[in-house]
Amino acid sequence: MDFLELVKSRCTTRGFKNKAIEKNDLIHILSAGRVAPTACNRQPQRIIVVQQPDNIIKLQKAYKTFGAPCVLIVCQDKRNALIRPFDGKCSGDLDIGIICDHMMLAARELNIGSVMVGLFDPEIVRKDFDIPDYIEPTALLILGYPEKGFLNPERHDTERRPLTDTIMYEKYNEENK
């Protein structure tokens with residue numbers, strides 16, 4: 001499938017079959033994250049692959065896992081963070097978002113569902129997975145085979161705002177919005 005078709009077919013999955021992800025498929029997904037661009041190529045990502053049932057249960061204290069057989073704890077190493085000097089904004093959150101997006105698209109290409117979660121308790125994750133202070137748990141990427149399949153890719157026609165509502169040319173302008 002072409003790229004726009006792939007992007008449209010990716011959707012949030014919140015219900016998974018009790019079926020492990022094959023090792024080669026997992027490596028493919030992780031490899032897509034590895035080649036994602038990061039600010040100044042700092043590559044801040046540190047990813048913990050969680051597949052053992054007892055560790056999935058630990059994660060459920062921080063956030064739901066929807067019956068997924070695999071969760072990636074996507075962290076960023078803060079020791080070499082790129083900080084924008086104008087306002088102190090760290091590029092790490094953007095980098096992790098790009099990395100997760102690459103992995104979600106790679107997963108979808110393999111008919112593996114995903115949901116990226118930022119709303120979890122990082123202190124529970126930090127404690128239960130022995131994560132040092134300079135590593136920040138930033139996202140959970142929950143992976144597995146969808147219990148109910150994938151959503152219709154054409155849903156974007158009605159569920160997304162038209163480009164004219166979100167795109168401006170040359171300067172910020174809310175007229176006609």
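Below is a summary of the structure that appears in this document. (Residues numbered from 1 in each chain as written. Predicted model: local features only at pLDDT ≥ 70, side-chain atom pairs only at ≥ 80, totals over all residues. Heavy atoms only, no water.)

### Regarding the packing of helix H2 (residues 23-34) against helix H4 (residues 92-109)
In the contact formed by H2 and H4, the axes pass within 7 Å of each other and the chain directions differ by 150°. When the axis of H2 is compared with that of H4, the two are roughly antiparallel. Crossing handedness for the pair H2 and H4: right-handed. In contact with His 28, Ile 29, Leu 30, Ala 32 and Gly 33 of H2, H4 contributes Ile 99, His 102, Met 103, Ala 106, Ala 107 and Glu 109. (Axes fitted to C-alpha atoms, helices over the stretch in contact; angles between N-to-C directions. Helix = DSSP H or I, 4+ residues; strand = E, 2+ residues; numbered from the N terminus. Parallel < 35°, antiparallel > 145°, perpendicular 65-115°, else oblique. Left-handed = near helix turned anticlockwise from the far one by under 90°. Contact = heavy atoms within 4.5 Å.)

### Here we look at the packing of aromatic side chains
Per the stated rule, a full pass over the model turns up one aromatic pair. Aromatic side chains Tyr 63 and Phe 66 sit 6.2 Å apart centroid to centroid with 65° between the ring planes, which places their arrangement in the edge-to-face category. Residue Tyr 63 is classed as partly exposed on the basis of its relative accessible area of 21%. Of note, Lys 58 hangs over the ring of Phe 129, and the distance from its end group to the ring centre comes to 5.8 Å. (Phe/Tyr/Trp six-rings, centres within 6.5 Å; stacked < 30°, edge-to-face > 60°. Buried < 20%, exposed > 50% of the residue type's maximum accessible area, 1.4 Å probe, protein only. Lys NZ or Arg CZ within 6 Å of the ring centre and 35° of its normal.)

### Considerations on the side chain of Arg 126
You can see Arg 126 is positioned in helix H5 (residues 122-128). Once residues lying within four places of it in the same chain are set aside, the contact partners of Arg 126 are Ile 131, Pro 132, Asp 133, Ile 135, Glu 136 and Pro 137.

### Here we look at H2
The terminal C-alpha atoms of H2, which comprises twelve residues, lie 16 Å apart, in line with the 16 Å expected from a rise of 1.5 Å per residue. Among the residues of H2, those classed as buried are Asp 25, Leu 26, Ile 29, Ala 32 and Gly 33. Considered in projection along H2, the buried side chains sweep an arc of 120° and stay on one side of the axis. Counted as exposed and oriented over 90 degrees from the buried face of H2: Lys 23, Asn 24 and Arg 34. As for H2, its buried residues are in contact with strand S1 (45-50), strand S2 (70-77), H4 and strand S4 (135-144). (Expected span 1.5 Å × (residues − 1). Arc of directions from axis to C-beta.)

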